[in-house]
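Structural description and commentary
So you can see what is in the structure, the chains are spelled out below.
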Amino acid sequence: ASGIVIGLIGAFFHSLLDLAAEIRTAHPWILFLLPISGIIIVFIYRLSGCKSSKGTNLVITAIQSNEEVPLKMTPLIIVSTILTHLCGGREGAALQVGGSLGNAFAKLFNFDDKDTRIMIMCGMSACFSALFGTPVAAAVFSMEVISVGIMYYAALVPCTVAALIASSISSMSGLAATHFTVGEIPQFGIPNGIKFFILSLIFAVASILLCVVLHKTSHFF
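First, a word on what this report is: a plain description of the structure on this page.

The rules we used
- Residues numbered from 1 in each chain as written.
- Predicted model: local features only at pLDDT ≥ 70, side-chain atom pairs only at ≥ 80, totals over all residues.
- Heavy atoms only, no water.
- Helix = DSSP H or I, 4+ residues; strand = E, 2+ residues; numbered from the N terminus.
- Buried < 20%, exposed > 50% of the residue type's maximum accessible area, 1.4 Å probe, protein only.
- Contact = heavy atoms within 4.5 Å.
- Areas by Shrake-Rupley, 256 points an atom, 1.4 Å probe, with all protein chains shown as cover.
- Axes fitted to C-alpha atoms, helices over the stretch in contact; angles between N-to-C directions.
- Parallel < 35°, antiparallel > 145°, perpendicular 65-115°, else oblique.
- Left-handed = near helix turned anticlockwise from the far one by under 90°.
- Nonpolar A, V, L, I, M, F, W, Y, C, P; charged D, E, K, R; others polar.
- Phe/Tyr/Trp six-rings, centres within 6.5 Å; stacked < 30°, edge-to-face > 60°.

On to the overall build of the protein. When you go through the protein residue by residue, the secondary structure sums to nine helices and zero strands. Its helices and strands taken in sequence order, the protein reads α-α-α-α-α-α-α-α-α from the N to the C terminus. Looking at the protein as a whole, 37% of its 221 residues are labelled buried. Nonlocal contacts in the protein, meaning residues at least 24 apart in sequence, comprise 70% of its contacts between residues at least 6 apart. Here the protein has roughly 13,300 Å² of accessible surface; of this, 71% comes from carbon and sulfur atoms.

Next comes the structure, spelled out in structure tokens:
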């Protein structure tokens, strides 16, 4: 049920993002409205009573410590993401929308804490899959993002089923997933293996630096 409902919402969200991108491409001057869209987003959050949003961190915290993910996050995230895409941003909020809807399903069926965690992950998987058309990656990522390096295997089958259903619904709606064409695949050998190893280290260091900078600037501001 969660795969079907969240898949439909995810497909609708996907179509709105595509429409926003088309409008922005046809009217490049809209880029200058990005600061105004930011003010509108802040106003919407304040109007709804959300003075600050933890974003994806809230969803992760909800799974780790049973914190509530309010259903009103869904329309807030959808509207704010459409505004950022319309005005030149590229924010993706599939996990937040899916987590919010998954938590709503858990409350609707009076799930206990353990099943609520699984339902939130199913929602994340379903919305991620509906938007990006990658059900396997959506299921695995939703389980692994909760605690890096640790898999929540109890959610494997539910998340996979929800992701597959949502991806199918998105495909039947005529929404194509983003495709990246790889022109040439290098042959794997010792020289290339060493290069891959060095690149992996560089990417890891860059990721760590990004996280440190984000935390430091957040505390500063």
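On we go from here.
Put simply, helix α1 (residues 2-26) and helix α4 (residues 73-86) touch, their axes get as near as 8 Å, and they point 25° apart. Between α1 and α4, the angle falls in the class roughly parallel. In the crossing of α1 with α4, the sense of the turn from one axis to the other is right-handed. Seen from α1, the contacting residues are Ile9, Phe13, Leu16, Leu17, Ala20, Ile23 and Arg24; seen from α4, they are Ile78, Thr81, Ile82, His85 and Leu86. The class makeup of the residues in the contact of α1 with α4 is nine nonpolar, two polar and one charged.

With that settled, consider the packing of aromatic side chains. Two numbers describe a pair of aromatic rings. These are the distance of the centres and the angle of the planes. Under the criterion given, the structure shown has five aromatic pairs. On the numbers, 5.9 Å between centres and 25° between planes, the contact of phenylalanine 109 with phenylalanine 111 is stacked. On the basis of relative accessibility, which here comes to 44%, the residue phenylalanine 109 falls in the partly exposed class. Between the aromatic rings of phenylalanine 128 and phenylalanine 132, the centroid separation amounts to 4.9 Å while the plane-to-plane angle is 50°, which identifies the pairing as tilted. Here phenylalanine 132 and phenylalanine 128 lie together in helix α6 (residues 113-132), a separation of four residues that amounts to about one turn. Counting every residue linked through ring pairs, the aromatic cluster contains Phe105, Phe109 and Phe111.

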